[in-house]
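Residue-level structural notes
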Amino acid sequence: MTGLFITFEGGDGSGKTTQIARLAAALRAAGRDVVTLREPGGTVVGEGVREILLDPAHEELSPMAELLLFTASRAQLSLTVIKPALDAGKIVLCDRHADSSVAYQGYGRGLDLAMVRAINTWATGGLVPDRTIVLDVEPHAGIAAATPHTADRLEREAIAFHERIRAGYLEMAAAEPDRIVVVERDATDAVWSGVLAALAPVLARAGITLGA
Ligand code: TMP
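How each quantity is defined
- Per chain, residues are indexed from 1 in the order of the written sequence.
- Thresholds applied to this predicted model are a pLDDT of at least 70 for local features of residues and 80 or more for the giving and counting of side-chain atom pairs; totals over whole chains, interfaces and linings are not thresholded and use all residues.
- With hydrogens and water excluded, all non-hydrogen atoms of the structure serve as input to the side-chain values.
- In this analysis, axes come from line fits to C-alpha atoms, helices being fitted only over the stretch in contact, and the angle between any two N-to-C directions falls in the range 0 to 180 degrees.
- Numbering of helices and strands runs from the N terminus; a helix is a DSSP stretch of H or I covering at least four residues, while a strand is a stretch of E covering at least two.
- When an angle is under 35 degrees it counts as roughly parallel; over 145 it counts as roughly antiparallel; between 65 and 115 it counts as roughly perpendicular; any other value is oblique.
- Crossing handedness: left-handed means the near helix sits turned counterclockwise from the far one by under a right angle, and right-handed means the same turn made clockwise.
- Throughout, a contact is declared for two residues whenever any of their heavy atoms are within 4.5 Å.
- Basically, the charged four are Asp, Glu, Lys and Arg, the nonpolar ten are Ala, Val, Leu, Ile, Met, Phe, Trp, Tyr, Cys and Pro, and anything else, Gly included, counts as polar.
- Burial classification: accessible surface area is computed with a 1.4 Å probe over protein chains only, and a residue below 20% of its type maximum counts as buried, one above 50% as exposed, and the rest as partly exposed.
- A positive count includes Lys and Arg, and a negative count includes Asp and Glu. His and the chain ends are not counted in either.
- Every case where a carboxyl oxygen of Asp or Glu lies within 4 Å of a side-chain nitrogen of Lys or Arg is listed as a salt bridge.
- Identification of polar contacts relies on pairs of N or O atoms within 3.5 Å, with a donor-acceptor requirement for protein atoms, meaning one able to donate a hydrogen and the other able to accept it, and with residues adjacent in sequence counted only if both atoms are side-chain atoms.

In this section: the packing of helix α3 (residues 63–87) against helix α5 (residues 113–124). Two quantities define a packed helix pair, namely the angle between the helix axes and the distance between the axes. For the pair α3 and α5, interaxial distance at closest approach is 8 Å and the crossing angle is 30°. Considered as vectors, α3 and α5 are oriented roughly parallel to each other. Crossing of α3 against α5: the hand is right-handed. Contacts between α3 and α5 involve Met64, Leu67, Leu68, Thr71, Arg74, Ala75, Ser78, Leu79 and Lys83 on the former and, on the latter, Met115, Val116, Ile119, Asn120, Ala123 and Thr124. Each residue belonging to the contact of α3 with α5 can be placed in one class, and the counts come to 9 nonpolar, 4 polar and 2 charged.

Listed below in structure tokens is the structure:
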């Protein structure tokens, strides 16, 4: 059995968690061993880094320090959890991975895209998802959906920041059409069928068929 690495990306409040839960349940019902993870986080070290990153009190965090913290969490997760799971033939579903840093710290904060990519390649040992789904949603709608009273440090950013991230994801998908698929997040059932359609080729290669 071949391991499969599938990531979900998108703006804040784009509904990744719901789709990942549904996909994990469908894959488990099809008899596959599934690991669901999130970034930043997914390890004890990573969850600690997540608290630092999302704490609204850390307003002064510089873009470069922010990038390195996200990447530190990712290095720990990629090398100690994701790679071993893939080597064991499991399906890994990850809520965000390196593409988030390209979108948020690269397009969003304005850090050099090539530098963001290079640091990530180094930190993940060159790990690249087999398929990435970008759930695309209008930034204001997405941010409103994410708990408005408890918004974290990144959710508090101006709408222009979230617009740049959205445009960044669309540009990334256009540049890597064989890996990154954009699914519009409007009606919930359409999202799920979009996710299934986007994954059909990689799932077929792994011998898996999922019904709608
Ligand atoms: P979440 O809300 O999807 O759990 O993600 C946490 C926040 O961190 C979200 O606003 C996106 C942001 N983020 C980055 O800015 N860069 C990254 O590399 C990752 C993984 C997340």
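Attention now moves to the side chain of Arg131. Counting through the fold element by element, Arg131 comes out in strand β4 (residues 131–136). Within the buried set, Arg131 has no salt-bridge partner at all; the shortest N-O distance to an opposite charge, 6.2 Å, is to Asp178. Within the structure, Arg131 has its side chain in polar contact with the backbone oxygen of Ala198 (distance 2.8 Å). Setting aside anything within four residues of it in sequence, one finds Arg131 in contact with Phe5, Ile6, Thr7, Asp178, Arg179, Val181, Ala198, Leu199, Pro201 and Val202.

One way to put it is that helix α4 (residues 98–108) packs onto α5 with a least axis distance of 9 Å and a crossing angle of 150°. In terms of orientation, α4 and α5 fall into the roughly antiparallel class. For the crossing formed where α4 meets α5, the hand is right-handed. Residues Ala98, Ser101, Val102, Gly106 and Tyr107 of α4 lie in contact with α5, whose contacting residues are Leu113, Val116, Arg117 and Asn120. Looking at side-chain class alone, the contact of α4 with α5 contains 5 nonpolar, 3 polar and 1 charged residues.

What is shown is where atoms sit, not what they do.
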